Amino acid sequence: MLMKRPAEDDNATLIALGDDPERYYGSLDSDKTEKTQAEEGEARPQDKNVFSDGVTRIDFVLVWEEEVRENPKATEPDGKAAGTSQDMHQKYRKRFLSRLQKVGIQMDKKVEIREKTRITYVLLNAPWSVLCYYAEEISLRVPLQVVPHKMSNWSEKVLQKLGIANVMQQDVPNPPPDFYTCQFRNNKLERFLGSDNQDTFFKNTQRHQILYEILARMPYGAMKRGEVGIDRLVSENIFTAAYPLHDGSFEPPPGQVHPETLSLRQILYQYWARWACWKKYQPLDHIREYYGEKIALYFAWLGFYTGWLLPAAFVGTLVFVFGIWLMMTDVPAREICDGTDNFVMCPLCNICSFWNLSSICITYKAGLLFDHGGTVFFSIFMSLWAVTFLEYWKRTTAILSHRWDCSEFEEIEERPRPEFTAMAPMTLRNPVTGAEEPYFPKSLRFNRTMTGCMVIIIMITVVLMFLIAIILYRTILSIVIYRSKNPFFIFSAGRIASLTGSVLNLLAILLLSRAYIFLAHILTRWEMHRTQTKYEDAFILKVFVFQFINFYSSPVYIAFFKGRFVGYPGNYHTLLGIRNEDCGAGGCLIELAQELLVIMVGKQVINNVQEFICPKLRSWWQKRKFHNKEAQGKSDVCLPPWEADYQLLVCEGLFDEYLEMVLQFGFITIFVAACPLAPLFALLNNWVEVRLDAHKFVCEYRRPVVERAQDIGIWFHILQVITHLAVVSNAFLIAFTSDFLPRLYYRYTTEGSLKGYVNFTLSFAPESFTQNNTMCRYRGFRDQKGHYLPEYFNLLAIRMGFVIIFEHFVFFIGRMIDMMVPDIPEEVEIKIKREHYMAKEALAENQSLGQKVYLEEPEQPMQELRQRHKAEPQPALPQNRTPPLRDTDSPPPTLTTISEDQLLS
């Protein structure tokens, strides 16, 4: 049921506070827990991630910097404002840290003076009681039973069947075990595997996850202004950083070291992040163990995609080699190159001169590398490749999400975002759990989403304006070059204008991308999405729609519009008084291939240079700031771990990585008919990309907080849309831009050879356009009066028929592949059922008692709207009450609501 939040609950908190943490967080004594840790020697002497006592483990670090004023009494004109800001920051920090202590978080403060800056590190630890409470609160999954399994790859199975040695296989030490798991319950602790050891029961990543959950939901100011959580504190520079610690250095110790003794970070560096591992499988289970499911799924997808590029690159290279052979044996190419003065062509612009078709001999032959019958086969192959790739990725996702315990994350386990929880105007009872949850009206979100769509349309209009500007630039530059009367530049005017226009287009793309991503963040936060997954999906969709237009507008224009609305000699069409742009002398397909290579390869080179050089420069600058005169003699090895990690770079997430790969996927599928080598360039780039990203995460970045994910999110649906667009795009590209169908038609209507094909594709200019008794030719199927010939309409019917047949054939085969390949393997379905059964057995209550309790509770209407009154005290639920399992058809219980004021009291 809906409840409107009163305006005066600014002082409410998102988690329970109290002077006595044991009142809220279980029955085990925290002092006894720390004593037990000391007795059992959990914090070994070589473990530096501990408090000053050498025992208490560091789960999280908060950092802030302050300027050290030598003379506090000396003030400047703006000193009062600066002092007020610093005082406010100090007040917020004090309140935030005080509330953390009230919920039971233990702290240890370290202060360091670097020249005129005081750096304060607050080390945080969650005792056992806090861990147990929040593990249940956030539905953390814990082990029930070990599951023996062997990690295998599809390529490993193929090579094994073929009897070929697998050079990609490597034995990575300390493989993480696989478990049957279920959601943690404090009152069922003894039923979980390893519950007798409090020090190792929760993994490091789970401890980080619990600490971040507390930090992200802790308010420090007014709730109605969204002053909640560590992320906002860092964005407002109240804290400068918040991060969990790495597990020591990534470099292995000197000398002979047994692989089993390496830390997890050192294993990842030794067997994954080094360039020497470029041909080895990725240790995905180790990546998941250290960085969490979200990052592991990205690297799993990237490796899977790169592996599937191998057959695409191989076939594309064969098609390209076939084009080389065709280039040397093609009959029309010989006619053009051998006929010196046979074909005098009409001027390509208003001030251009006549030219001979033989002058484009080299360009025409280069176009044959991409425009021949093999590209039709390759387009069909790549369309079916994309469908099959996505189908088998769905199977791989099902296997990984089950093995990594996140197959039900989005439906059951994911919690509302802290910002949404703080700023939602009302609450609604969850029909599944019966708990009161924050709620934002769908109508209001729809209105905000529509406003965001208007902004997207405006930004797309800006992109199209840039596209028109580049089209005009190419036309004007060609005119300027022709007026220069330099023979060399006049001969290459079209290519110079096209190439420089492509480079300018790439620069405009990169510039507009940065501006729009910043705007998309603001719009998505304003839309108030409930969960982080929905928030990210909305943000990704906004950015991708813009980036799709941004990156693909120029190739789409060249492929489908350029040269289509030119007219004919004596009756040319104009845009803003300038003659419409025509295809270059070599045709539009060679220009499209050039545009794709400039944008796709150029962007990949720029991104890889940025990813390789920029982190190193930023890391060097970051460390330079910390190495003052007093610390010059202090090596990085001797630095405490919280200081060493603070000098690393902030992990910027996976959005840019996914976006780069998905745009690349679009280039190699949507326009593959124009560039068969695109998959090969993508494969080479991705081999480099995997190691660059791995090196960044292991060596350059601070350790990110673990994020759970069920799959790659909306990116998969975007890939499906791109796959369907690729089928349509390649059909029209072959039918209307390529010379494949005109050549086929000419063979069919003549004796079967291509002799005379060049003359067949050229029309004579009208007599009124003749200058100095010179008859010129132009590409088209018109008579001398400018009317279309019957061949034009015959070819138009053939082209439309080809589009329909191509689309239906590819979509039919793709649908058959979809039906034959099940989304979830049968063995995974069995494991899921087994895990559900074990979870039910582990958490089972007295079923008869549970049925009695639920039968006595009356059913309540779910959509009843009511006002929340602060004056009505409502008793809290018993601390350790765990609702018994019930049949899915049972009505939800009548739960009483806990007011925030009671939790604060």
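Basis of the calculations
- Residues numbered from 1 in each chain as written.
- Predicted model: local features only at pLDDT ≥ 70, side-chain atom pairs only at ≥ 80, totals over all residues.
- Heavy atoms only, no water.
- Buried < 20%, exposed > 50% of the residue type's maximum accessible area, 1.4 Å probe, protein only.
- Helix = DSSP H or I, 4+ residues; strand = E, 2+ residues; numbered from the N terminus.
- Pairing = 2+ DSSP bridges.
- Disulfide = S-S within 2.5 Å.
- Axes fitted to C-alpha atoms, helices over the stretch in contact; angles between N-to-C directions.
- UniProt positions renumbered as here; feature names shortened; annotations may be inferred.
- Polar contact = N/O pair within 3.5 Å; in protein donor to acceptor, adjacent residues only side chain to side chain.
- Phe/Tyr/Trp six-rings, centres within 6.5 Å; stacked < 30°, edge-to-face > 60°.
- Patch = residues over 30% accessible without salt bridge, like charges linked within 9 Å, V, L, I, M, F, W, Y side chains within 5 Å.
- Areas by Shrake-Rupley, 256 points an atom, 1.4 Å probe, with all protein chains shown as cover.
- Salt bridge = Lys/Arg side-chain N within 4 Å of Asp/Glu carboxyl O.
- Contact = heavy atoms within 4.5 Å.
- Parallel < 35°, antiparallel > 145°, perpendicular 65-115°, else oblique.
- Left-handed = near helix turned anticlockwise from the far one by under 90°.
- Nonpolar A, V, L, I, M, F, W, Y, C, P; charged D, E, K, R; others polar.

So, the pairing of strand E10 (residues 426-429)
Okay, step 1: Going residue by residue along E10, you find Met-426 and Leu-428 tucked away on one face and Thr-427 and Arg-429 tucked away on the opposite face as well.
Okay, step 2: Relative to strand E11 (residues 436-439), E10 runs antiparallel, the two sharing 4 bridges. Across the sheet, residue Leu-428 finds its bridge partner in E11, namely Glu-437.

Description of the state of the cysteines
Here a disulfide denotes a covalent bond joining the sulfur atom of one cysteine to the sulfur atom of another.
Okay, step 1: All told, the structure shown has 2 disulfides when counted by the stated rule.
Okay, step 2: At a sulfur-sulfur separation of 1.8 Å, the disulfide partner of Cys-337 is Cys-361. One disulfide, between Cys-337 and Cys-361, carries an S-S torsion of 90° and so falls in the right-handed class. Of this pair, Cys-337 sits in helix H10 (residues 331-338) while Cys-361 sits in helix H11 (residues 361-368), and the two are 24 residues apart along the sequence.

Comments concerning the sheet that holds strand E4 (residues 117-125)
Okay, step 1: If you trace the 4 strands from one edge of the open sheet to the other, you get E3-E4-E2-E7, paired in antiparallel fashion. Strand pairing shows two members of the sheet lacking a second neighbour, strand E3 (106-114) and strand E7 (241-243), which therefore form its edges. Taken pair by pair, the neighbouring strands of this sheet meet at an average axis angle of 15°, ignoring direction.
Okay, step 2: Judged from the 9 bridges that link them, E3 and E4 form a sheet pairing that is antiparallel.

Quick word on the UniProt feature "transmembrane region" (unreviewed entry) in the protein chain
Okay, step 1: Using the residue numbers shown here, the UniProt feature "transmembrane region" (unreviewed entry) corresponds to residues 295-325, 374-393, 452-476, 496-519, 539-560, 662-684, 712-736 and 792-813.
Okay, step 2: End-to-end, the C-alpha atoms of residues 539-560 are 30 Å apart, and along that stretch the chain is 100% helix and 0% strand.
Okay, step 3: For residues 712-736, the helix share is 92%, the strand share is 0%, and the end-to-end C-alpha distance is 36 Å.

Some details on the side chain of Arg-288
Okay, step 1: Along the chain, Arg-288 falls in helix H8 (residues 284-291).
Okay, step 2: Looking at Arg-288, the relative accessible area reads 13%, which means it is buried.
Okay, step 3: Within the structure, the side chain of Arg-288 is placed 3.0 Å from the backbone oxygen of Trp-404, a separation counted as a polar contact.

What about the packing of aromatic side chains?
Okay, step 1: What the rule picks out here adds up to 54 aromatic pairs.
Okay, step 2: Ring geometry for Trp-301 against Tyr-658: centres 5.9 Å apart, planes inclined by 50°, an arrangement best described as tilted. Within this pair, whereas Trp-301 is found in helix H9 (residues 293-329), its partner Tyr-658 is found in helix H21 (residues 655-670), the two being separated by 357 residues in sequence. Each member of the pair, Trp-301 as well as Tyr-658, is classed as buried.
Okay, step 3: Aromatic pair Tyr-305 and Phe-389: ring centres 5.7 Å apart, planes at 50°, arrangement tilted.

Digging into a nonpolar patch on the surface
Okay, step 1: On the surface, a cluster of nonpolar side chains totalling about 980 Å² of accessible area is made up of Trp-275, Trp-278, Leu-310, Val-605, Val-609, Phe-612, Ile-613, Leu-617, Leu-684, Trp-687 and Val-688.
Okay, step 2: Those elements that provide at least two residues to the nonpolar patch are helix H19 (588-626) and helix H22 (678-700).
Okay, step 3: When residues of the nonpolar patch are assigned to their parent elements, the largest contribution, 5 residues, is made by H19.

Points about the pattern of salt bridges
Okay, step 1: Throughout the structure, instances matching the rule amount to 20 salt bridges.
Okay, step 2: Arg-703 is the partner of Asp-247 in a salt bridge, and the nearest nitrogen-oxygen pair spans 3.0 Å. With a gap of 456 residues between them, Asp-247 in the loop between E7 and helix H7 (264-273) and Arg-703 in the loop between H22 and helix H23 (714-737) connect regions that are remote in the sequence.
Okay, step 3: For Arg-703, a relative accessible area of 3% translates into the label buried.
Okay, step 4: Taking the shortest distance from any N to any O, the salt bridge between Arg-288 and Glu-293 comes out at 3.0 Å.
Okay, step 5: A relative accessible area of 5% places Glu-293 in the buried class.

A word on the side chain of Thr-761
Okay, step 1: Here Thr-761 lies in the loop between helix H25 (757-760) and strand E16 (762-764).
Okay, step 2: Overall, Thr-761 belongs to the buried group, its relative accessible area being 12%.
Okay, step 3: Reaching out from Thr-761, the side chain makes a polar contact with the backbone oxygen of Val-758 at a distance of 2.9 Å.
Okay, step 4: For Thr-761, the residues in contact, after removing those within four places along its chain, are Tyr-778, Arg-779, Gly-780 and Phe-781.

Describing the packing of helix H18 (residues 532-560) against H21
Okay, step 1: Interhelical geometry of H18 versus H21 gives an angle of 40° and a closest axis separation of 11 Å. It follows from the interaxial angle that H18 and H21 lie oblique. Handedness of the H18/H21 crossing: right-handed. Touching Phe-539, Ile-540, Val-543, Phe-544, Gln-547, Phe-548, Phe-551, Tyr-552 and Pro-555 of H18 are Phe-655, Leu-659, Val-662, Leu-663, Gly-666, Phe-667 and Ile-670, all from H21.
Okay, step 2: In terms of residue class, the contact of H18 with H21 is built from 14 nonpolar, 2 polar and no charged.

Observations concerning helix H24 (residues 740-749)
Okay, step 1: Where H24 is concerned, the buried positions are Phe-740, Leu-741, Pro-742, Arg-743, Tyr-745 and Tyr-746.
Okay, step 2: Those residues of H24 hidden inside the fold are in contact with H10, H11, helix H12 (373-403), H23, H25 and helix H26 (790-820).

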